[in-house]
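# Fold and geometry: a report
Listed below, chain by chain, are the residues.
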Amino acid sequence: MSAPDKDSPSRGGADSSDSLEGWRIVHTKAADGVTESTAILHVAELLKSDARLAGLMLRCSKQGVEPVIVVVEPFSPQARPKITLRADDREFYFEGKPLPTGAGLRVPADGLDLVKGPWKGARELAIKISDGDAEVDGVVELSGLTNALQSLADCPGK
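Everything numeric here is computed off the predicted structure, so don't read it as measured data. (Residues numbered from 1 in each chain as written. Predicted model: local features only at pLDDT ≥ 70, side-chain atom pairs only at ≥ 80, totals over all residues. Heavy atoms only, no water.)

## Examining the sheet that holds strand β10 (residues 134-141)
Pairing within the open sheet is antiparallel, and its four strands lie in the order β6-β5-β9-β10. At either margin of the open sheet sits one strand with a lone partner, and together these are β6 (90-95) and β10. When the angles between neighbouring strand axes are averaged without regard to direction, this sheet yields 15°. As judged from the six bridges shared by strand β5 (residues 82-87) and β6, these two strands associate in the antiparallel manner. Looking across to β6, one finds that T84 is bridged to Y93. (Pairing = 2+ DSSP bridges. Helix = DSSP H or I, 4+ residues; strand = E, 2+ residues; numbered from the N terminus. Axes fitted to C-alpha atoms, helices over the stretch in contact; angles between N-to-C directions.)

## A word on the pairing of strand β4 (residues 64-71)
Burial within β4 is extensive, with eight of its eight residues counted as buried. Alignment of strand β3 (residues 53-61) against β4, held across eight bridges, turns out to be antiparallel. Considered in β4, the bridge of S61 is made with G64. Linking β3 to β4, which pair antiparallel, is a turn of two residues. Alignment of β4 against strand β8 (residues 104-106), held across three bridges, turns out to be antiparallel. Bridging from a neighbouring strand, I69 pairs with L105 of β8. (Buried < 20%, exposed > 50% of the residue type's maximum accessible area, 1.4 Å probe, protein only.)

## Points about the pattern of salt bridges
Applying the stated criterion across every chain yields a total of seven salt bridges. A salt bridge links D50 to R52, with the nearest nitrogen and oxygen atoms 2.7 Å apart. Between R86 and E91 there is a salt bridge, and its shortest N-O distance comes to 3.8 Å. Judged by its relative accessible area of 38%, R86 is partly exposed. Looking at E91, the relative accessible area reads 36%, which means it is partly exposed. Among the ionic contacts, a cluster of salt bridges with common partners joins R59, E66 and R106. (Salt bridge = Lys/Arg side-chain N within 4 Å of Asp/Glu carboxyl O.)

Structure follows, in structure tokens:
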């Protein structure tokens, strides 16, 4: 059997990594084993980020598209770290709420409002997390976000 050629349909389309420019589509099942949730994820820039910052996820939630900062070292459920997000010259400040696993921080903002507003046209998003004396910072590329966001078209509230 021969390898697919470069024009093969299996290499193109909206889900190809080339068109998503580093964004990955992630499907997960809920605890009931039936309900499926979709998210898009982009890893942090290795050379511009603290090793404790894994990346940025935009996931479907009951409220719509929820931004989550993914971290390597979990936060305690009681933590309320301060989050600063900067796109171009605009900064936004939030109090993060850890996911139940602690491996992510919910950003209390509508993901679509951020994507269509202050993040629109920005090449990268600078992220800074402050929790007491501990700080985590880094950068996530935003290119391809508009195309990747189309994979969340079925989110409630979108």
